[in-house]
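Structure assessment
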Amino acid sequence: MKLVFATHNNHKLKEVQLLLPKYITLLSLTDINCLEEIPETAATLEGNAIIKANYVTKHYGLSCFADDTGLLVESLNGAPGVHTARYAGVQKNAKDNMDKLLKALKGKEKKQRTAYFKTVIALNLATEQHLFEGIVNGHIAQQKSGEDGFGYDPIFIPNGYTQTFAQIPLSKKNSISHRARAMQQLIHFLKNK
């Protein structure tokens, strides 16, 4: 089975490839020659995932899934939320995003740094659309730590751990992360299809 993952993000692609069964051939947007940036104009994570999946299905006629992920900090009323990738501006720079978030939380105690990652996946398969969701709870660290991962990984510590996602080995992260949890639901669905 061939499935398009509507992303240009090689880090996301690598994480997802490790999760999928071998009988699924994963294609990226680059693989199908979709080089444009698909606009994410919805007010929700679900809406953005649906926009991206529908774009690929409509323009390329392929089975596809797309995700959108948000980091929601409770003391910031859920920010950055749907604007997670563009929190510090349209340049989508991870360092700038982390710096802005750390500045917004400066001086706040651990209980005021509570946050969670949420991933929503929209799957377009044949003529049906299905949604899957994964959440991981944790808190925002006082400073960046770790070299692995991407996005906000160097400042997010999942509950039950003392290290950030950027310090936790990818094999472990892939068993506990928000994206992994949403992907597990997707894989379960495909296996039973």
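Let us look at the structure shown here.

What counts, and at which threshold
Residues numbered from 1 in each chain as written. Predicted model: local features only at pLDDT ≥ 70, side-chain atom pairs only at ≥ 80, totals over all residues. Heavy atoms only, no water. Helix = DSSP H or I, 4+ residues; strand = E, 2+ residues; numbered from the N terminus. Rg over C-alpha atoms; globule rule 2.2 N^0.38 Å. Buried < 20%, exposed > 50% of the residue type's maximum accessible area, 1.4 Å probe, protein only. Contact = heavy atoms within 4.5 Å. Phe/Tyr/Trp six-rings, centres within 6.5 Å; stacked < 30°, edge-to-face > 60°. Lys NZ or Arg CZ within 6 Å of the ring centre and 35° of its normal.

A separate point is the overall build of the chain. In terms of helices and strands, the chain carries five helices and seven strands. Secondary structure elements of the chain, listed N to C terminal, follow the sequence β-α-β-α-β-β-α-β-β-β-α-α. For the chain, the C-alpha radius of gyration of 16 Å lies close to 16 Å, the compact-globule estimate for 193 residues. Viewed in the frame of its principal axes, the chain has a C-alpha envelope of about 50 × 30 × 25 Å. A total of 193 residues make up the chain; the buried ones form 47% of that total. Long-range contacts, defined here as pairs at least 24 residues apart, represent 57% of the contacts in the chain between residues at least 6 apart.

Taken as a whole, this structure holds five aromatic pairs when the rule is applied. Geometrically, the ring pair formed by F5 and F65 is stacked, given 4.7 Å between the ring centres and 15 degrees between the ring planes. Remark: F65 occurs in strand 3 (residues 64–73) and F5 occurs in strand 1 (residues 2–5); sequence separation between them is 60 residues. In this pair, the class of F5 matches that of F65, namely buried. On the numbers, 6.3 Å between centres and 20 degrees between planes, the contact of F117 with F165 is stacked. With F117 in strand 5 (residues 114–125) and F165 in the loop between strand 7 (156–158) and helix 4 (170–176), this residue pair connects regions lying 48 residues apart in the sequence. We classify F117 as buried; its relative accessible area is 4%. Overall, F165 belongs to the buried group, its relative accessible area being 1%. An aromatic cluster of three or more residues is present, and its members are F117, F156 and F165. Over the ring of Y87 we find K100; its NZ or CZ atom is 4.5 Å from the centre of that ring. Positioned over the ring face of F165 is K173, at 5.3 Å from the centre of the ring.

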